[in-house]
Amino acid sequence: MTLASRLSTAANTGQIDDPKEKHRVISSNLALVQLQATVVGLLAAMAALLLGAATREGLDLSKVALLCASSVITAFLAAFALGVLMVCIVVGARKLGLNPDNIATPIAASLGDLITLSILAVVSSFFYRHTDSWFLSPLVCLGLVALTPLWVVIAKRNPPITKILKFGWVPIVLAMVISSFGGLILSRTLSEQPYEGMAVFTPVLCGVGGNLVAIQTSRISTHLHTWSTPGVLPPQMKKFWPNPCSTFCTSEANARSARILLLLVVPGHLMFYYVICLAEGPSVTSSKSFVVLYLLAGLVQVTILLYLAEVTVRLTWHQALDPDSHCIPYLTGLGDLLGTGLLALCFLLDWFLRGRAEPGGASEWAPGPP
């Protein structure tokens with residue numbers, strides 16, 4: 001998503017109109033993403049192992065190499081596939097006269113989980129079938145790690161990317177940590193009766209919020225790159241903590257796009273809810289109270305994220321940092337945490353309201369295994 005946002009900004013500011021400059025910008029960005037994929041793939045594996053040890057009171061050392069290899073090669077392949085796709089979309093949108101901010105980032109967000117999980121399923125199955133070859137997993141990890149100097153050399157051909165190499169790691173790592181808290185909420189609630197069916201709605205609520213805030217962040221970043229210089233905020237954006245009403249209710253371009261994105265929440269979620277009901281059947285709760293709570297949760301989540309997008313982009317730009325690389329990870333991580341927490345609250349309130357509506361009072365809460 002950060003790659004899509006950076007390339008969209010480069011396209012809108014004319015950086016990829018020259019063929020030579022386009023090659024340099026694209027190659028350095030793709031190299032940066034491959035480097036980040038390798039490092040974050042290892043960190044994600046370590047985080048999964050630590051969370052598993054914390055929640056299941058044990059650490060299976062026999063699976064450490066398998067998990068690390070699966071995570072790193074999945075991140076590597078997914079980053080490559082999505083990176084090439086983003087380049088094609090941004091370049092194609094530029095040639096067609098379309099704004100890639102509205103196209104590339106949401107496609108990256110939508111396809112990211114699907115492609116990554118699909119690759120992870122294939123790769124992890126392969127390594128699991130070859131657990132007898134004890135050297136295979138460590139060899140894959142070492143091979144991909146050995147490529148990191150090459151990615152660094154290619155990425156350093158572009159000065160803005162060199163800056164991201166130095167300062168762009170903290171947002172990605174912290175975003176992973178923030179998202180992990182959302183995963184903990186999900187793992188703790190799935191086995192409880194009031195939250196039955198929550199796993200089906202979680203990707204939708206989190207995904208919609210992440211998509212919309214990524215679009216808004218990319219648009220604001222492009223606006224700043226076009227009309228200002230890093231470290232200097234335009235006169236209309238001088239306040240670091242703007243009035244929430246100004247984020248949605250003024251006639252500025254960023255406020256108009258925020259209103260449009262907010263208006264997409266209810267019809268979008270209703271459409272996804274209908275699709276989920278068709279796919280899952282009677283296992284999905286269809287009470288009116290849940291639908292209202294679910295839509296309200298989506299509105300609250302996106303409203304908070306759109307306001308935070310305005311704040312974080314201003315703060316980041318004031319520090320002469322690129323919002324494309326520093327804001328989107330934080331906001332999508334917060335979107336996962338907010339979405340999971342609000343969805344858990346929806347299921348809990350709906351269970352309580354339906355229990356109160358039953359003749360015998362509140363239904364029994366039969367907790368699952370710890």
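Here, every reference points to the structure presented above.
Small disclaimer: the values here were computed from a predicted structure and weren't measured. Per chain, the residues get numbers from 1 upward, laid out in the order the sequence is written. Since the coordinates come from a predicted model, pLDDT governs what is reported: local features require at least 70, and pairs of side-chain atoms require 80 or more to be given and counted, while whole-chain, interface and lining totals use all residues. Neither water nor hydrogens contribute to the side-chain values; these are computed over all heavy atoms in the structure.

**Q** Looking at this structure, I do not really get the overall build of the protein chain. What am I missing?
**A** Counting from the N terminus, the helices are the DSSP runs of H or I reaching at least four residues and the strands are the DSSP runs of E reaching at least two. Helix and strand counts for the protein chain stand at 15 helices and zero strands. Only C-alpha atoms enter the radius of gyration, while the globule expectation follows 2.2 Å times N to the 0.38, with N the number of residues. In terms of overall dimensions, the protein chain is globule-like: its C-alpha atoms have a radius of gyration of 22 Å, near the 21 Å expected for 370 residues. For the protein chain, the spread of C-alpha atoms along the principal axes amounts to about 70 × 65 × 35 Å. Three exposure classes are used, based on accessible area relative to the maximum for each residue type with a 1.4 Å probe and protein chains only: buried under 20%, partly exposed in between, and exposed over 50%. Looking at the protein chain as a whole, 45% of its 370 residues are labelled buried. Areas reported here follow the Shrake-Rupley algorithm with a probe of radius 1.4 Å; residue values treat only the protein chains shown as occluding. Counting every atom, the protein chain has about 18,200 Å² of accessible surface; 71% of that belongs to carbon and sulfur.

**Q** In this structure, what is going on with the nonpolar core? I would like to understand it.
**A** Generally speaking, soluble globular proteins have nonpolar side chains that are buried together. Residues belong to a common nonpolar core when they are buried Ala, Val, Leu, Ile, Met, Phe, Trp, Tyr or Cys residues joined through side-chain atoms within 4.5 Å. Counting 28 residues, the largest nonpolar core has Phe201, Phe290, Tyr294, Leu343 and Phe347 as the members making the most contacts within it. Mapped by element, the contributors of at least two residues to this core are α9 (198-227), α11 (253-263), α12 (265-280), α13 (288-318) and α15 (328-357). Per element, the largest residue contribution to this core is eight residues, and it comes from α13. When checking whether two residues touch, look at their non-hydrogen atoms; a contact exists if any pair is within 4.5 Å. Excluding anything up to four places from it in sequence, Phe201 contacts Tyr273, Ile276, Val284, Phe290, Tyr294, Leu343 and Phe347. Counting 19 residues, the second-largest nonpolar core is a separate cluster that includes Ala4, Ala11, Ile16 and Val91.

**Q** How should helix α4 (residues 104-129) be read in this particular structure?
**A** Counting along an α-helix, one turn takes 3.6 residues, and residues three or four places apart therefore face a common direction. Its 26 residues give α4 an end-to-end C-alpha distance of 36 Å, which sits within 8% of 38 Å, the value for a rise of 1.5 Å per residue. Looking at α4, one finds that the buried residues are Ala104, Thr105, Pro106, Ala108, Ala109, Gly112, Ile119, Val123 and Phe127. In this structure, the buried residues of α4 make contact with α1 (2-12), α3 (64-96), α5 (136-146) and α9. Each helix should span, by expectation, one fewer than its residue count multiplied by 1.5 Å.

**Q** Help me out: how do you make sense of the environment of Gly183 in this one?
**A** Mapped onto the fold, Gly183 is located in helix α8 (residues 169-189). A sequence separation of 158 residues divides Gly183 from Gly341, and the C-alpha atoms of the two residues are 9.9 Å apart.

**Q** Teacher, can you tell me more about unusual backbone geometry here?
**A** Glycine aside, negative phi is the norm for most residues, and most peptide bonds take the trans geometry. A positive phi angle, close to 60°, is found at Ala320, a residue other than glycine. Along the polypeptide, Ala320 turns up in the loop between α13 and α14 (323-326).

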